[in-house]
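# Tertiary structure, described
Okay, here's what each chain looks like letter by letter:
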Amino acid sequence: MTSAVSFENVSRHFGAVRAVDAVDLDIRPGEFFAMLGPSGSGKTTCLRLIAGFEQPTGGSISIFGERAEGVPPYRRNVNTVFQDYALFPHLNVLDNVAYGLMVKGVSRAERGRQAEEALKLVQLPGYGARKPGQLSGGQRQRVALARALVNKPRVLLLDEPLGALDLKLRENMQEELKLLQRALGITFVFVTHDQGEALSMADRVAVFNDGRIMQVGAPQDIYERPQSRFVADFVGSSNVLPPEFVARHGGARRWASLRPEKIRLGEANGAGVSGTVRARSFLGATNRVTVEAEGVRLHAVVPAGLPLPDDGAETRLSWSPADLHLMEEA
Amino acid sequence: MRSDRNQSAPLGVKLAAAAGLLFLHLPILLIFVYAFTTEEKSYQWPPPGFTLDWLSVTWNRPDVWTALGLSVKVAVVSTTIALVLGTLCAAAVSGTKFFGREVVSLLVILPIALPGIITGIALRSAFNLADIPFSFWTIILGHATFCVVVVYNNAVARFRRTSGSLVEASMDLGADGFQTFRHVILPNIGTALLAGGMLAFALSFDEVIVTTFTAGQQQTLPIWMLEELVRPRQRPVTNVVAMVVVLVTFLPILAAYYLTREGDQVAGSGK
């Protein structure tokens, strides 16, 4: 099967800065693919390489089997939802959505019909006559989505599309995007720095750092079996345990990741590792307890309602050996 | 209270403001009044009588028409040159980052800060060195130096407010460079260009200093007026022409002011 997007040893260097460095990547047709990473990790540059706004300084990119280097953005069957939406302020919503059809020479009546349909798809029917300035952030985002989808792209690129929305709206849009992607069957490539967003929406996630891909896999894989300290720490703020600590407590002499919700807190004289409670914070459904044990700071997340040890109290941490995930990184 | 907006300003401030405005505009009104006086040899106050004759006298003077025609032609051509060069320059400076970008920006703006007499002398000696005879085109070159600045300033401000991702969005949706320029860039900078063009036109239309150095025997309207003041005959004709110049330059500037103000709202609303 041809990949929707395939990177072979792709680099994009800006002078001495290696924004993207020797990246190999295969995005499958019809999948919801997330590129996750901190800012400056190269994920947005990768997106721009697919869109055609950047050209690789090395390696080759193909989109559905066709070589993409040197092909300008306007000749790629790929559309983008921009971070700032980039709606044309001088055009009304309908003309914004119909823009791609207009430049392709579709007749006025036909593009009006298709644009109206696309607006219906993003649940903004009848908003065509308004100017972008009269819309809320969430509505602009939907218009940007409709404007891209109306062109029936084979790959839809989304650059932190939910970044500017408030929490409630963001959660709604996450669900909606997911449903839309299922219904349309278009390949979505989604850039985000929010690990929760990536894990909840994507079929597969690529974690970026320093211009390289650290790990690619299904959300559960990434979360439960991080291959490196960076991934463990960035995705879900896992406890990253040093080799000596792991060796003392039933593991090999390797770095390991232990998820905060896998740690149980017990009586001071029970089994497990003893430590001192340093801080507690209430997170709503859960409480997070910071414990210092043998010079390592560990976070434990316990469901709200369970009794909590006091600050400064001695406690014991325990976990089942299967939850201690040894990483490849030595 | 100071913060009370409904309280009117003290009388002293009002008087000072009125005096300031009078000082600025009374001389201009005087020019208008003398355009209708019956006394043709000297500016005598109060005017001995009023007449509309000077309008028809002016209308029938061929030298006025030649000067006016030249001024309009010069203003139109130099504004056109300024629109093309100013826009291109603004697009380059605001759209890309390159070494020496700020220097280029400063160098473009410099001619308007430079005293006109310096620009004039510089151009004149340059034309002499290059053996270029003075003509219509040397006047245009002189005017273009400051017209480009005006267009550039207007365009660069608008380009900076027009988000760069609009151009990318247009390309992304399948528009090539020309379509993007026509459907996205031009509508967004159009009013700024119109405003810049009108200001440039007005500046060129009443320019004296640079023109004195770069014109040969030809007379633009302001130069003609300057010469006419020395002659004692038919003085009010100059005033009639002055009145026309005020109207011809004032209207575009007013229009430019309103256009850019409106443009602010349009450009700001999309963000």
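Just so we're clear, the structure is a prediction, and the values are computed from it rather than from any experiment.

Parameters at a glance
Residues numbered from 1 in each chain as written. Chains lettered and ligands numbered in written order. Predicted model: local features only at pLDDT ≥ 70, side-chain atom pairs only at ≥ 80, totals over all residues. Heavy atoms only, no water. UniProt positions renumbered as here; feature names shortened; annotations may be inferred. Helix = DSSP H or I, 4+ residues; strand = E, 2+ residues; numbered from the N terminus. Pairing = 2+ DSSP bridges. Axes fitted to C-alpha atoms, helices over the stretch in contact; angles between N-to-C directions. Contact = heavy atoms within 4.5 Å. Core = buried A, V, L, I, M, F, W, Y, C linked by side-chain atoms within 4.5 Å. Buried < 20%, exposed > 50% of the residue type's maximum accessible area, 1.4 Å probe, protein only. Salt bridge = Lys/Arg side-chain N within 4 Å of Asp/Glu carboxyl O. Polar contact = N/O pair within 3.5 Å; in protein donor to acceptor, adjacent residues only side chain to side chain. Nonpolar A, V, L, I, M, F, W, Y, C, P; charged D, E, K, R; others polar.

## Concerning the UniProt feature "domain: ABC transporter" (unreviewed entry) in chain A
- In the numbering adopted here, UniProt assigns the feature "domain: ABC transporter" (unreviewed entry) to residues 5–235 of chain A.
- Across residues 5–235 of chain A one finds 36% helix and 26% strand; the C-alpha atoms that close the span lie 24 Å apart.

## Re the sheet that holds strand E8 (residues 187–192) of chain A
Residues and elements named next belong to chain A.
- Reading across from one edge, E6-E7-E8-E3-E9-E10 is the order of the six strands in this open sheet, with mixed pairing throughout. Looking at the sheet topology across the chains shown, the edges are occupied by strand E6 (78–81) and strand E10 (212–217). Strand-to-strand twist of the sheet, defined as the mean angle between neighbouring strand axes without regard to direction, takes the value 20 degrees.
- Of the strand pairs in this sheet, strand E9 (residues 204–209) and E10 are connected by five bridges, and their pairing is antiparallel. From the neighbouring strand, Val205 faces E10, where its bridge partner is Gly217.
- Contacts from helix H4 (residues 137–149) reach E6 and strand E7 (155–159) within the one sheet, and its direction differs from that of E6 by about 175 degrees.

## Some remarks on the nonpolar core
- Grouped together as the largest cluster of nonpolar side chains are 42 residues, with contacts concentrated most on A:Val97, A:Leu145, A:Leu156, A:Leu158, A:Leu177, A:Phe190 and A:Val205.
- Element by element, the count of residues in this core is highest for H4(A), at six residues.
- Ignoring anything within four residues of it in the chain, the contact list for A:Leu158 reads A:Leu47, A:Val81, A:Leu145, A:Leu177, A:Phe188, A:Val189, A:Phe190 and A:Val191.
- One finds A:Val5, A:Ile50, A:Leu91 and B:Leu173 within the second-largest nonpolar core, a separate group that totals 39 residues.

## Things to note about the interface of chain A and chain B
- In this assembly, 24 residues from chain A lie in contact with 22 residues from chain B.
- The interface formed by chain A and chain B includes one salt bridge.
- A:Arg48 is paired through a salt bridge with B:Glu168; the nearest N and O atoms lie 2.7 Å apart.
- There are nine residue pairs in polar contact (both at pLDDT 80 or more) connecting chain A and chain B.
- When contributions to the side of chain A that touches chain B are tallied by element, the ones reaching two or more residues are helix H1 (43–51), E6, helix H2 (93–103) and H4 of chain A.
- Ranked by residues supplied to the side of chain A that touches chain B, first place goes to H2(A) with four residues.
- Split by residue class, the side of chain A that touches chain B holds 13 nonpolar, six polar and five charged.

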